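# An overview of the molecular structure
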Amino acid sequence: MAVVCPECDTPIPVDPEEVEEGETVQCDECGLELEVVSIDPLELAPIDDIGYDDEDDPHVVEEDEE
Ligand SMILES: [Zn+2]
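One structure accompanies this document, and this report is about it. (Residues numbered from 1 in each chain as written. Predicted model: local features only at pLDDT ≥ 70, side-chain atom pairs only at ≥ 80, totals over all residues.)

## Here's the deal with the overall build of the chain
Rule in force here: Counting from the N terminus, the helices are the DSSP runs of H or I reaching at least four residues and the strands are the DSSP runs of E reaching at least two. Working definition of burial: number of other C-beta atoms within 10 Å of the residue's own, with buried at 20 or more, exposed at 12 or fewer, and partly exposed in between, all C-beta atoms being placed from the backbone. C-beta atoms are first placed from the backbone for all residues, and any pair lying within 7 Å is then listed as a contact.
On a plain count of helices and strands, the chain comes out with zero helices and five strands. Going residue by residue from the N terminus, the α and β elements of the chain occur as β-β-β-β-β. Taking all 66 residues of the chain together, 6% fall into the buried category. In the chain, the share of contacts with a sequence separation of at least 24, taken over all contacts with a separation of at least 6, comes to 15%.

Written out as structure tokens, the structure is:
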């Protein structure tokens, strides 16, 4: 089974029995990351939201500073 990359139209092979919801797969062609949002039916959503990465997120920093 494969899904088509929304970015470059390259088929990305995805085995529903080898992935879980919340897992991510990456397009070999353009590097776009897709999150598995549903297994049955198989549904993937591109992860392209700014700030969604596992990098430092300045938005959640709380400082006790007046
Ligand atoms: Zn792609």
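## Section: unusual backbone geometry
In this structure, Pro 41 follows Asp 40 across a cis peptide bond, with omega equal to 5 degrees. Looking at where Pro 41 falls in the secondary structure, it is placed in the loop between strand 4 (33–38) and strand 5 (43–46). A positive phi is found at Asp 9, a non-glycine position, where the angle reads about 65 degrees. By secondary structure assignment, the location of Asp 9 is in the loop between strand 1 (2–4) and strand 2 (11–13).

## Details of the pairing of strand 5
Using the following cut-off: One requirement defines pairing of two strands: DSSP has to find at least two bridges between them.
Direction of pairing for strand 4 relative to strand 5: antiparallel, over a ladder of four bridges. The partner of Glu 35 across the bridge, within strand 5, is Ala 45. A loop of four residues connects strand 4 with strand 5, the two strands running antiparallel in sequence.

## As for the sheet that holds strand 5
To keep things clear, this is the line we draw: Between N-to-C directions, angles cover 0 to 180 degrees, with each direction set by a line fitted to C-alpha atoms, over the stretch in contact for helices.
The antiparallel open sheet is built from three strands, whose spatial order is 3-4-5. Across the chains shown, the open sheet's two edge strands, defined by having one partner strand only, are strand 3 (24–26) and strand 5. Here the average twist between neighbouring strands, direction ignored, is 40 degrees.

## Topic: the environment of Thr 10
As for its position among the elements, Thr 10 is in the loop between strand 1 and strand 2. Taking C-alpha positions, Thr 10 is 8.4 Å from Asp 28, a pair spaced 18 residues apart along the chain.

## A short note on the environment of Asp 15
Relative to the elements of secondary structure, Asp 15 occurs in the loop between strand 2 and strand 3. The class for Asp 15 is exposed, based on 10 C-beta atoms found within 10 Å. With twelve residues separating them in the primary sequence, Asp 15 and Val 3 have C-alpha atoms 10.0 Å apart.

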